[in-house]
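# Examining the three-dimensional arrangement
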Amino acid sequence: MPPRRNDAQLDLSPDEMHKLGREVIEWAISYRLKLADLPALQRAKHADLAAKFSESLPSGPSDPNVVLRRVIDDALPFMGRADHPRYFAFVPGPANFVGIAADMLVSAANVFAGTWLEGSGPGAIELQTIAWLAQLAGMPATAGGLFTSGGSMANLTALHAARECKLAAPDRQRAVVYCSDQTHSSIGRGLRILGFLPKQVREIETGEDFAIDLGQFEAGVAADRAAGRLPFCLISNAGTTNTGAVDPLERLGDVCDREGLWHHVDGALGAGAILSQRGRRLLRGLSRADSFSVDPHKWMFQPYVCGCVVVRDKAQLQRAFSNVPDYMEDADAVGSETNFWEYGPELTRPFRALKLWMSLQVFGADAFGAAIERGFELAEVAERAVSKLSGWRVCSRASMGVVTFRYQPATMTDADADRRNRVAARALTESGYAAVLTTRLRGRIVVRMCTLNPRTTDADIVETVARLDSLIRDT
Ligand SMILES: Cc1ncc(COP(=O)(O)O)c(C=O)c1O
């Protein structure tokens, strides 16, 4: 008799495992093949979903494939498809299938990637993957880091290291951090979690290009010093979320060196571009940073979640985070073995590096470079398409795969233009054809497209812009 399912041990029978596993894989592949024909984003009302999912806790068993079907039919249709070729909202996540398969493997092996004792094989791959990122950024051999859930945690991890390395406890009250008025909200939140007060955070005004104005930064540091405060850290951007602006990393690095500031570069959106020649050129100053974050689940084409922080001197990261409780003493790491839990806030952590490592092995770094270059180009295609239309103005030129624009014919008031740009973008997104949303620049609403998906065609971009144009004229 074939082995039976054992519910009391939470075990499926081999047949059931095959059947469930096969259906998951088959679904994953067919989903991927038909992705471009699905809505880029689809939202359902809570009441409709609650009608499907409100139920009492099931006390008895069910057929796993019936349960799976419910998820596939009733939940998964209603989501943003960040890897859809016409998903241009927020920051796309154009995952690749090798990364997806790697994630399945990691779950199946149930890897604990917190200690070398429990995850030496995975640890070796994580170390190598981080070494590649550090080398691409031009960092020295002392550099190291770890994979995180995303950019928010990568930034928080780096900022904690900066504070621990630069500030003695009595100096913390008078410490000042600098960032730009375009800095991602995860930085403000991270600083709040770390206990910094709003009065300790200076938002430097950006110039017309939405990049940090060096003079303003230097003046701010001088003023704070004159007032007896202690400038200690700058957070700059390797691609802002709003416009893809890159701060002048090299010159900012000079000032940070001169002033003894920790220089963290938030590269969650843009640092993935170090895999391309154009990206490395634009981000040359990254090599000078004390730390940077990068999100492989954005411009390195990995499924969620996959962030990474790299610190110039990994010993600083270890000093900032290490504490060894009694019950972990047997898990000590010898020599160059690495206990990743001593380098960040997580003890239990999954093997997030595998998906990037496997995808780089399968496709090669040159293919990644070409895919990133395509993201740069697609934003330029969008910029050109908008420039040809009457009533539209490009508000920030294509930069790191981001472009923003606004419809406002000469006679239209600012308030009316704000409303119409927002309504048109939302209407296009609701239609499912493409996901395009807005942001605010200098107080005014602009349409924003982020074009990181190498599977997007020029025609996708041109048709998206054309539909926006016709929708806005109808609003
Ligand atoms: C520049 C920048 N920093 C940080 C983040 C936060 O990253 P995550 O959502 O992976 O936590 C984002 C997200 O879009 C970002 O664009």
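Details of the structure are given in the entry above.
First, a word on what this report is: a plain description of the structure on this page. (Residues numbered from 1 in each chain as written. Predicted model: local features only at pLDDT ≥ 70, side-chain atom pairs only at ≥ 80, totals over all residues. Heavy atoms only, no water.)

## Concerning the sheet that holds strand 9 (residues 402–407)
Quick note on the threshold: Here, strands pair whenever DSSP counts at least two bridges between them. Secondary structure elements follow DSSP: runs of H or I no shorter than four residues count as helices, runs of E no shorter than two count as strands, and numbering proceeds from the N terminus. Interaxial angle, 0 to 180 degrees, is taken between N-to-C directions of lines fitted to C-alpha atoms, where a helix line uses only the stretch in contact. It only takes one pair of heavy atoms within 4.5 Å for two residues to be counted as in contact.
If you walk across this open sheet you meet the four strands as 8-9-11-10, and the pairing is antiparallel. Strands with a single pairing partner mark the edges of an open sheet, and in this sheet they are strand 8 (392–399) and strand 10 (437–441). Sheet twist, expressed as the mean angle between neighbouring strand axes with direction ignored, is 35°. Across five bridges, strand 8 lies against strand 9 in antiparallel orientation. Residue V394 lies in a different strand from strand 9, and its bridge partner there is F405. Together, strand 8, strand 9 and strand 11 (444–450) form the strand contacts of helix 14 (residues 365–387), whose direction differs from that of strand 8 by roughly 165°.

## Thoughts on unusual backbone geometry
Selection criterion: Only protein chains enter the area calculation, which uses a 1.4 Å probe; residues under 20% of their type maximum are buried, those over 50% are exposed, and those in between are partly exposed.
The omega torsion of the bond from Y304 to V305 falls at 0°, within 30 degrees of zero and hence cis. Structurally, the position occupied by V305 is in the loop between helix 11 (296–299) and strand 7 (307–311). The backbone phi angle of L10 is positive, close to 55°, even though this residue is not glycine. Along the chain, L10 falls in the segment before helix 1 (14–34). Positive phi, normally seen in glycine, also occurs at M400, with a value near 50°. Here M400 shows up in the loop between strand 8 and strand 9. A residue is classified by how much of its surface remains accessible, and M400, at 1% relative accessible area, is buried.

## Observations regarding a negative patch on the surface
The criterion, for reference: Within the patch definition used here, like charges are joined within 9 Å and nonpolar side chains (Val, Leu, Ile, Met, Phe, Trp, Tyr) within 5 Å, considering only residues with over 30% relative accessible area and no salt bridge. Note on areas: Shrake-Rupley, 1.4 Å probe, and residue coverage restricted to the protein chains presented here. Between Lys or Arg on one side and Asp or Glu on the other, a salt bridge is scored when a side-chain nitrogen of the former is within 4 Å of a carboxyl oxygen of the latter. By the counting rule applied here, Lys and Arg register as positive and Asp and Glu as negative, while His and the ends of each chain are not counted. Note on charges: their place is set at NZ of Lys, CZ of Arg, CG of Asp or CD of Glu.
Taken together, E205, E208, D209 and D213 make up a surface patch of like negative charges. By the secondary structure assignment, E205 is in the loop between strand 3 (201–204) and helix 8 (214–226).

## Things to note about the site of the ligand
Applied cut-off: The rule for a residue being near a molecule or strand is that one of its heavy atoms must lie within 4 Å of it. Two N or O atoms form a polar contact when they lie within 3.5 Å of each other; inside protein one atom must be a possible hydrogen donor and the other a possible acceptor, and for residues adjacent in sequence the pair counts only when both atoms belong to side chains. All residues other than Ala, Val, Leu, Ile, Met, Phe, Trp, Tyr, Cys, Pro, Asp, Glu, Lys and Arg, Gly among them, are scored as polar; the first ten of these are nonpolar and the last four charged.
G151, S152, T241, D266 and D295 are the nearest of the 15 residues found near the ligand. Note that an oxygen atom of the ligand is positioned 2.8 Å from one of the backbone N or O atoms of G151. With respect to the ligand, the side chain of D295 contributes an N or O atom lying 2.8 Å from an oxygen atom. Protein coverage of the free-state accessible area of the ligand, which is 390 Å², stands at 83%. Looking at the shell around the ligand, the elements that each hand over two or more residues are helix 6 (151–166) and helix 11. No other element matches helix 6, which puts three residues into the shell around the ligand. The class makeup of the residues in the shell around the ligand is three nonpolar, nine polar and three charged.

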